[in-house]
Amino acid sequence: MTPLDELARALGGTGYTRSLLAHGRTGEVLRIDVAGAPPRVAKLDPSGEGGLEVEAEMLRYIASEANAPVPGVEYGSRHVLLMEWRPGTTGVATAAADDAAAALAALHAVGGATFGFDRATRIGGLVQPNPERTSWLEFFAEARLVAPVREARDERRIDASIVGLVEHVAGRVGEFAGEPAAPALLHGDLWSGNVLTEGDRLTAFLDPALYRGHPEVDLAFATMFGGFPNRFFDAYRERASARDDAILDAGFWSTRRDLWNLYPLLVHVRLFGGSYVDDLVRTARRFA
């Protein structure tokens, strides 16, 4: 059965029209229109290796556990993910900054006893292991620096010298950062393309890469490619400082932001290579 056959079955065999929204890393993203019904979005993965079934689980988890908007999942398998259509454009305009910050703070408020998660999740189609640890610094060093840099080596994206550099930084993370007040449920892939806003409202978080970690990790990721106004960070800090007054302080902007962003840089090295390798080395040397 092809993904299109499976999609037709998920739609109950009714006639539909489809239009291409994007080419994803493993397949197409389509808008699905059925007469007399709201539009939907479908992701198709002919290989079955991109983790669509995991994405469905993550979206359902947010919907059930957090007061944060995500598309409702109608059907999820290895080859097809059929979701509710959410209006809006990507990125956070200043008018929507307060609502987006409030939604992110609500997501982060879904705590837990440990860092990590009770299962592996996905980021950019890559498997994201989430071993549960009681120490954030231990988790970050082990699961977000050492493990992915060795994966990048095994995938021949980098050489042994870069592995050694990142492992050296992993041994020093406690010199640059401390433990957060509590584990926070992270979006995990918070760049502007994974946020929809309309007017002054956030309409959806998209493509999560869930685990529990330091809430600053999402804020650091949000600075990598732009699309979030200063008001977004100010509004988040206003909400979070009562729980942890170190959140987004001067040390975040001068130091910790780059430390936390070593992980998304490693993800991008594994996915794309190229200039991201230079970015990784340049950033890691700051902490070596």
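Reading the values: rules and limits
- Residues numbered from 1 in each chain as written.
- Predicted model: local features only at pLDDT ≥ 70, side-chain atom pairs only at ≥ 80, totals over all residues.
- Heavy atoms only, no water.
- Helix = DSSP H or I, 4+ residues; strand = E, 2+ residues; numbered from the N terminus.
- Buried < 20%, exposed > 50% of the residue type's maximum accessible area, 1.4 Å probe, protein only.
- Contact = heavy atoms within 4.5 Å.
- Areas by Shrake-Rupley, 256 points an atom, 1.4 Å probe, with all protein chains shown as cover.
- Phe/Tyr/Trp six-rings, centres within 6.5 Å; stacked < 30°, edge-to-face > 60°.
- Lys NZ or Arg CZ within 6 Å of the ring centre and 35° of its normal.
- Pairing = 2+ DSSP bridges.
- Salt bridge = Lys/Arg side-chain N within 4 Å of Asp/Glu carboxyl O.
- Axes fitted to C-alpha atoms, helices over the stretch in contact; angles between N-to-C directions.
- 1 Å grid on protein atoms, 1.4 Å probe; cavity = no way out; pocket = protein on both sides within 12 Å on 5 of 7 lines; lining within 4 Å.
- Points joined across faces, edges and corners; volume = space filled by probe spheres on them.
- Expected span 1.5 Å × (residues − 1).

K.L.:
I'm lost on the overall build of the protein chain in this one. Help?
P.N.:
The helix and strand inventory of the protein chain stands at 10 helices and 12 strands. With the principal axes as the frame, the protein chain shows a C-alpha extent of 60 × 45 × 35 Å. Across the 288 residues that make up the protein chain, the buried fraction comes to 51%. Taking as baseline every contact in the protein chain between residues at least 6 positions apart, the subset at least 24 positions apart corresponds to 66%. Split by element, the accessible area of the protein chain, about 12300 Å² in all, is 49% carbon and sulfur.

K.L.:
Where do I start with the packing of aromatic side chains in this structure?
P.N.:
Any pair of aromatic rings gets described here by the distance separating the centres and the angle formed by the planes. Per the counting criterion, the structure on display carries 14 aromatic pairs. Seen from their ring centres, Trp136 and Trp260 are 5.6 Å apart, and the 65 degrees between their planes marks the pair as edge-to-face. Here the residue Trp136 occupies a position in helix 4 (residues 136-154), and Trp260 occupies one in helix 8 (residues 250-260), the gap between them amounting to 124 residues. For Trp136, a relative accessible area of 0% translates into the label buried. With a centroid separation of 4.9 Å and 85 degrees between ring planes, the pair formed by Phe252 and Trp253 is classed as edge-to-face. Judged by relative accessible area, which is 0%, Phe252 ranks as buried. Given the relative accessible area of 35%, Trp253 is considered partly exposed. Three or more aromatic residues joined by ring pairs make a cluster, and in this case those are Phe115, Trp136, Phe139, Phe140, Tyr211 and Trp260. Over the face of the ring belonging to Tyr211 we find Arg144, whose NZ or CZ atom lies 4.1 Å from the ring centre.

K.L.:
Looking at this structure, how should I read the sheet that holds strand 6 (residues 89-90)?
P.N.:
Within a beta sheet, neighbouring strands are joined by backbone hydrogen bonds and run either parallel or antiparallel to one another. Across the sheet, 3 strands lie side by side as 6-10-11; this open sheet has antiparallel pairing. Edge positions in the open sheet fall to strand 6 and strand 11 (201-205), since each of these has one partner strand only. Relative to strand 11, strand 10 (residues 195-198) is paired through 4 bridges, and the arrangement is antiparallel. Looking at strand 11, one finds that Thr197 is bridged to Leu202.

K.L.:
Would you mind going over the side chain of Glu55 with me for this structure?
P.N.:
Relative to the assigned elements, Glu55 resides in helix 2 (residues 52-65). Ignoring any residue separated from it by four or fewer positions in sequence, one finds Glu55 in contact with Lys43, Leu81 and Asp207.

K.L.:
Explanation requested: the pattern of salt bridges in the structure shown.
P.N.:
Here the idea is simple: oppositely charged side chains can pair when their charged atoms come close. In this structure the tally under the stated criterion is 21 salt bridges. With its nearest N and O atoms 3.8 Å apart, the salt bridge here joins Glu151 to Arg270. Of this pair, Glu151 sits in helix 4 while Arg270 sits in helix 9 (residues 262-272), and the two are 119 residues apart along the sequence. The class of Glu151 is partly exposed, set by a relative accessible area of 37%. The salt bridge partner of Glu155 is Arg270, with a shortest N-O separation of 2.7 Å. Separated by 115 residues along the polypeptide, Glu155 in the loop between helix 4 and helix 5 (160-170) and Arg270 in helix 9 bring together distant segments of the chain.

K.L.:
Explain the sheet that holds strand 3 (residues 40-44) to me, please; I cannot follow it from the model alone.
P.N.:
Spatially, the 5 strands line up as an open sheet ordered 1-2-3-5-4, and their pairing is antiparallel. Both edges of this open sheet fall to strand 1 (17-23) and strand 4 (73-76), since each of them pairs with a single strand only. Going across the sheet, the axis of each strand differs from the next one's by a mean of 20 degrees, ignoring polarity. Pairing analysis gives 4 bridges linking strand 2 (residues 28-33) to strand 3, with the strands arranged antiparallel. Bridge pairing links Leu30 to Ala42 in strand 3. Together, strand 3, strand 4 and strand 5 (80-84) form the strand contacts of helix 2, whose direction differs from that of strand 4 by roughly 155 degrees.

K.L.:
Before we go on, may I ask you to explain empty space enclosed by the protein in this structure?
P.N.:
If you roll a probe as big as a water molecule over the atoms, it shows you where there is empty space left. If you walk through the whole model with that rule in mind, you get 1 cavity of 30 Å³ or more. Empty space within the largest cavity amounts to approximately 40 Å³. Lining the largest cavity are Val54, Glu57, Met58, Tyr61, Phe117, Arg119, Ala120, Thr121 and Leu210. Among the elements that take part in the lining of the largest cavity, helix 2 stands out by supplying 4 residues, more than any other.

K.L.:
Explain helix 3 (residues 97-108) here, please?
P.N.:
At 3.6 residues per turn, the α-helix brings residues three or four places apart onto the same side. Helix length check: helix 3, at 12 residues, gives a terminal C-alpha distance of 16 Å against a target of 16 Å (1.5 Å per residue), a fit within 8%. For helix 3, the buried fraction is high: 9 of the 12 residues fall into the buried class. When helix 3 is considered as a whole, its buried residues turn out to be Ala97, Asp99, Ala100, Ala101, Ala103, Leu104, Ala105, Leu107 and His108. Contacts made by the buried residues of helix 3 are with helix 2, strand 9 (184-186), strand 11, helix 6 (216-222) and helix 7 (230-240).

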